[in-house]
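Architecture at a glance
Take a look at the letters that make up each chain.
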Amino acid sequence: PPARSAGRRATRSRSVPGCVTAAPRETAGRCAGDARRGVDTPVANASGSGGAFLVAGWSIDRDSGAGPGIDALHIWAYPVGGGAPRFLGIAAYGAARGDIATMFGARFLNAGFSLLATGVPPGVYDVVAFPHSAVSGTFASGKVVRLDVK
């Protein structure tokens, strides 16, 4: 993900090691934002065919006061054998996920995302979904799924 967010330069927090935010905000000695995510499809070590596959799952930021707290999800594919990563796109976000609302609370109902990736050359990739937190203004670490594209 980019080191910039919403046109603002990313800066390091002075009191929380490793905290990098667009506008430093801290909560109880840590970076603001508690992003959680899951990828439902593809499953680990699955095979995709024809250079197209669906990436879908959920993502929330538990520090959000209202709504799921995520404003974008960027999907990337990193070739396992080396080479430049491929930006697959920005996932559609906001699908209803009753299971996530049950687990984390009603405000997280619309936490689902999906992206149909196309034109991916054959190879083995680590597909990564990076959520962007509306709370912290940063991308959180990604959720990785290995995929063999045939």
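Everything quoted here is computed from the prediction, not taken from an experiment. (Residues numbered from 1 in each chain as written. Predicted model: local features only at pLDDT ≥ 70, side-chain atom pairs only at ≥ 80, totals over all residues. Heavy atoms only, no water.)

What to know about the overall build of the chain
As a reminder, the rule being used: Under the scheme used here, helices are H or I runs from DSSP no shorter than 4 residues and strands are E runs no shorter than 2 residues, and both carry numbers assigned from the N terminus. Note on classification: 1.4 Å probe, protein chains only; a residue is buried when its accessible area is under 20% of the maximum for its type, exposed when over 50%, partly exposed between these limits. In this description, contact between two residues means that some pair of their heavy atoms is separated by no more than 4.5 Å. Accessible surface is estimated by sampling points in the Shrake-Rupley manner with a 1.4 Å probe; for residues, cover comes only from the protein chains shown.
Secondary structure assignment for the chain yields 1 helix and 15 strands. Expressed as a percentage of the 150 residues in the chain, the buried residues total 43%. In the chain, the share of contacts with a sequence separation of at least 24, taken over all contacts with a separation of at least 6, comes to 60%. On the chain, roughly 7,500 Å² of surface is accessible, and the fraction owed to carbon and sulfur atoms is 54%.

Overview of the sheet that holds strand S7 (residues 35-41)
So the rule is basically this: Each pair of strands is called paired provided DSSP finds at least two bridges between the two strands. All axes here are fitted lines through C-alpha atoms, helices being fitted over the stretch that makes contact, and every angle between N-to-C directions spans 0 to 180 degrees.
Spatial ordering of the open sheet is given by S7-S9-S13-S12, a layout of 4 strands whose pairing is antiparallel. What marks the edges here is a single partner per strand, and that holds for S7 and strand S12 (92-95). Taking each pair of neighbouring strands and ignoring which way they run, the sheet shows an average axis angle of 30 degrees. Of the strand pairs in this sheet, strand S9 (residues 53-61) and strand S13 (residues 112-117) are connected by 6 bridges, and their pairing is antiparallel. Bridging across to S13, Phe 53 finds its partner in Ala 117.

Looking at the nonpolar core
Heads up, the condition is: We call a set of buried residues a nonpolar core when its members are Ala, Val, Leu, Ile, Met, Phe, Trp, Tyr or Cys and they connect through side-chain atoms within 4.5 Å of each other.
Phe 53, Ile 75, Leu 88, Phe 113, Val 120 and Val 127 are the most contacted members of the largest nonpolar core, which totals 20 residues. Every element with two or more residues in this core is listed here: S9, strand S10 (70-79), S13, strand S14 (123-133) and strand S15 (143-149). The element contributing the most residues to this core is S10, with 4 residues. Counting 5 residues, the second largest nonpolar core, distinct from the first, contains Trp 58, Ile 60, Phe 108 and Ala 111.

Focus on the packing of aromatic side chains
The geometry of an aromatic ring pair comes down to the distance between the two centres and the angle between the two planes. Inclusion rule: Pairing of aromatic side chains requires ring centres within 6.5 Å, counting the rings of Phe and Tyr and the six-membered ring of Trp. Pairs whose planes differ by under 30 degrees are stacked, by over 60 edge-to-face, and all others tilted.
According to the stated counting rule, one finds 4 aromatic pairs in the structure shown. Members of the aromatic cluster, connected to one another through ring pairs, are Trp 58, Phe 104 and Phe 108.

Here's the deal with the pattern of salt bridges
Quick reminder of the rule: The salt bridge definition used is simple: a Lys or Arg side-chain nitrogen within 4 Å of an Asp or Glu carboxyl oxygen.
This model, assessed by the stated rule, comprises 4 salt bridges. Among the ionic pairs, Arg 97 bridges to Asp 40, the shortest N-O distance being 2.6 Å. Here the residue Arg 97 occupies a position in the loop between S12 and helix H1 (98-104), and Asp 40 occupies one in strand S7, the gap between them amounting to 57 residues. Here Arg 97 falls in the buried class, since its relative accessible area comes to 15%. For Asp 99, the salt bridge identified is with Arg 97, shortest N-O distance 2.7 Å. Residues joined by salt bridges that share partners form a network here, namely Asp 40, Arg 97 and Asp 99.

Comments concerning the confidence of the model for the chain
Close inspection of predicted coordinates is inappropriate for parts of the model with low pLDDT. Inclusion rule: Note on scores: pLDDT gives the predictor's confidence for each residue, bounded by 0 and 100.
Looking at the chain, pLDDT values average 79 and 78% of them are 70 or higher. Low pLDDT (under 50) marks residues 1-30, which in the prediction has 53 contacts with non-local residues, meaning those over four places away or in another chain.

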